[in-house]
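Each chain is listed here by its residues.
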Amino acid sequence: MSGTVWDLFILVVKVVGVFAFLMVAVLVTIWIERRVVAFMQTRVGPNRVGPFGILQSLADGIKLFFKEDVRPTNADKILYGIAPVIMMIPAFLAFTVLPFGLAFGNERAQLTDLNVGLLFVLAMGSLQVYGIVLAGWASGSNYPLLGAVRSSAQMISYEIAQGLSLVGVFMTAGTLSAAGIVAAQQGDPLLGFIPRWYVIFQFPLFLVFLLAGIAETNRAPFDLPEAESELVGGYHTEYSGVKFALFFLAEYLNIITVSAVATTAFLGGPDGPAPDFLPWLWPILWFMVKVFFFIFIFIWLRATLPRMRFDRLMDFGWKVLIPVALAWVAVTAVVLVVNINLPRPVLLGAIGVLLVLLLLSFLLPSSDKEKADRTAPGGSTP
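Rules used throughout
- Residues numbered from 1 in each chain as written.
- Predicted model: local features only at pLDDT ≥ 70, side-chain atom pairs only at ≥ 80, totals over all residues.
- Heavy atoms only, no water.
- Axes fitted to C-alpha atoms, helices over the stretch in contact; angles between N-to-C directions.
- Helix = DSSP H or I, 4+ residues; strand = E, 2+ residues; numbered from the N terminus.
- Parallel < 35°, antiparallel > 145°, perpendicular 65-115°, else oblique.
- Left-handed = near helix turned anticlockwise from the far one by under 90°.
- Contact = heavy atoms within 4.5 Å.
- 1 Å grid on protein atoms, 1.4 Å probe; cavity = no way out; pocket = protein on both sides within 12 Å on 5 of 7 lines; lining within 4 Å.
- Points joined across faces, edges and corners; volume = space filled by probe spheres on them.
- Nonpolar A, V, L, I, M, F, W, Y, C, P; charged D, E, K, R; others polar.
- Expected span 1.5 Å × (residues − 1).
- Buried < 20%, exposed > 50% of the residue type's maximum accessible area, 1.4 Å probe, protein only.
- Core = buried A, V, L, I, M, F, W, Y, C linked by side-chain atoms within 4.5 Å.
- Phe/Tyr/Trp six-rings, centres within 6.5 Å; stacked < 30°, edge-to-face > 60°.

(A) Focus on the packing of helix α8 (residues 203–216) against helix α12 (residues 310–337). Where α8 meets α12, the closest approach of the two axes is 9 Å, and the angle between their N-to-C directions is 150°. Between α8 and α12, the angle falls in the class roughly antiparallel. Along this stretch, α8 crosses α12, giving a crossing that reads as left-handed. Packed against α8, whose contacting residues are Pro204, Leu205, Val208, Leu211 and Ala212, the element α12 presents Phe316, Leu321, Val324, Ala325 and Trp328 at the interface.

Okay, structure coming up:
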């Protein structure tokens, strides 16, 4: 087999493998979420289809695939069907630039290594706003339109904080490539046991990215676009069958993508201890463990935190996350440029602790007098 044919074969195998992994990961994530939330709420959870209910997600997908496709009378005939596709395709494409391992022999465990890899991920996330807006507008109903407006405002607001949270990583690593960022986090451990992952040096930006990622994926406690008490089901209220399944699939793909980006940018990607036995397998396993660790955080927050009010949601994004991200980017620039006698990791860590304490001070409850003087948004005190 010639070199060109072999490279093409490996590329096809990687594409099919990544696609299969994402599909299986979505089914496993839905099952884990149901089981974990059921455990936290003292319920049984799925236990009928397959051992421990592991095939329940597959059964639900098959049910949605064969369910009757009901189309509203006032819906736009073209855009109504395109909107779910616009939501799903960027969710798949965002994963193509992330390294999920080190190498398969001479082949890299990554579909493609763009020199602006993480910017490509942010761009794919931005494209999904169009799918949400089109879904709400093309449904021909007021409830989906209101849900789409609310969701697009939330996503655009938190995209700014999410993008700024990666600037410090770009500056420290000196590259926008996902593989380059992973390589920059490798090296001799600090003090002999602390890895050089950016979660330590860029901890405030790590928190900003995690919070912005939760809001970006419309997950609790930031799931205001799907607040059933106010907007029925959000922008996909009028969707059913396989079209609704695509929206559902895109949401969980976004959770996996945000977890994978957090793993790549802050936890060293596939970096981890690996024995000599099957050296190509251990980085992939480490990558999966880290990704599912973040997925568990998504599930944990959904099961424990109540939904925020929308005005407080927007205030938190614009008045807390964005200023904190800008401040830490400035701190990172000063530490990288100015020659200071202290080691950079120690200096960044000390400033990071102070900034985290400042961030937590915003979350402290206000005094009773301040609560009494505060008026409701858009109204007056009775």
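There's plenty left to go through after this.
(B) Structural context of empty space enclosed by the protein. Summed over all chains, the structure comprises two cavities of 30 Å³ or more. Lining the largest cavity are 18 residues, and of these Val121, Gly125, Gln162, Thr257 and Val258 lie nearest its centre. Of all the secondary structure elements, the ones that give two or more residues to the lining of the largest cavity are α3 (79–93), α4 (117–138), α5 (142–173), α8 and α10 (241–266). With five residues, α4 is the single largest residue contributor to the lining of the largest cavity. Residues that form the lining of the largest cavity fall into these classes: 11 nonpolar, six polar and one charged. Around the second largest cavity, the lining comprises 12 residues; the ones closest to its centre are Met87, Thr217, Asn218, Tyr235 and Asn254. Among the elements that line the lining of the second largest cavity, the one with the most residues is α10, at three residues. Considered class by class, the residues forming the lining of the second largest cavity number five nonpolar, four polar and three charged.

(C) Structural context of helix α11 (residues 281–304). Spanning 24 residues, α11 covers 35 Å between terminal C-alpha atoms, matching the ideal 34 Å at 1.5 Å per step. Taken together, the buried positions of α11 are occupied by Pro283, Ile284, Phe287, Lys290, Val291, Phe294, Ile295, Ile297, Phe298, Ile299 and Leu301.

(D) Local environment of the nonpolar core. If you look at the biggest cluster of nonpolar residues, it comprises 76 residues, and the most contacted ones within it are Phe95, Leu98, Leu118, Tyr158, Ile256 and Phe266. Among the elements that make up this core, the one with the highest residue count is α10 (11 residues). Discounting chain neighbours no more than four positions away, the residues touching leucine 98 are Gln110, Leu118, Val121, Ala178, Ala260, Val261 and Thr264. Ranked by size, the runner-up nonpolar core spans 14 residues in total, among them Met87, Ile132, Met155 and Tyr235.

(E) Quick look at the packing of aromatic side chains. Inspection of the entire model under this criterion finds 18 aromatic pairs. Taken together, a centroid distance of 6.4 Å and an interplanar angle of 75° make the contact between phenylalanine 95 and phenylalanine 287 edge-to-face. Taken together, the residues phenylalanine 95 in the loop between α3 and β1 (103–104) and phenylalanine 287 in helix α11 connect sequence positions 192 residues apart. Pair check on accessibility: phenylalanine 95 and phenylalanine 287 agree, each one buried. Between the aromatic rings of tyrosine 235 and phenylalanine 247, the centroid separation amounts to 5.6 Å while the plane-to-plane angle is 65°, which identifies the pairing as edge-to-face. Pair noted here: tyrosine 235 is in the loop between α9 (228–231) and α10 and phenylalanine 247 is in helix α10, with a separation of 12 residues, a long-range link. The buried category is assigned to tyrosine 235, whose relative accessible area is 3%. A relative accessible area of 3% places phenylalanine 247 in the buried class.

Any functional reading would require information that these geometric values do not contain.
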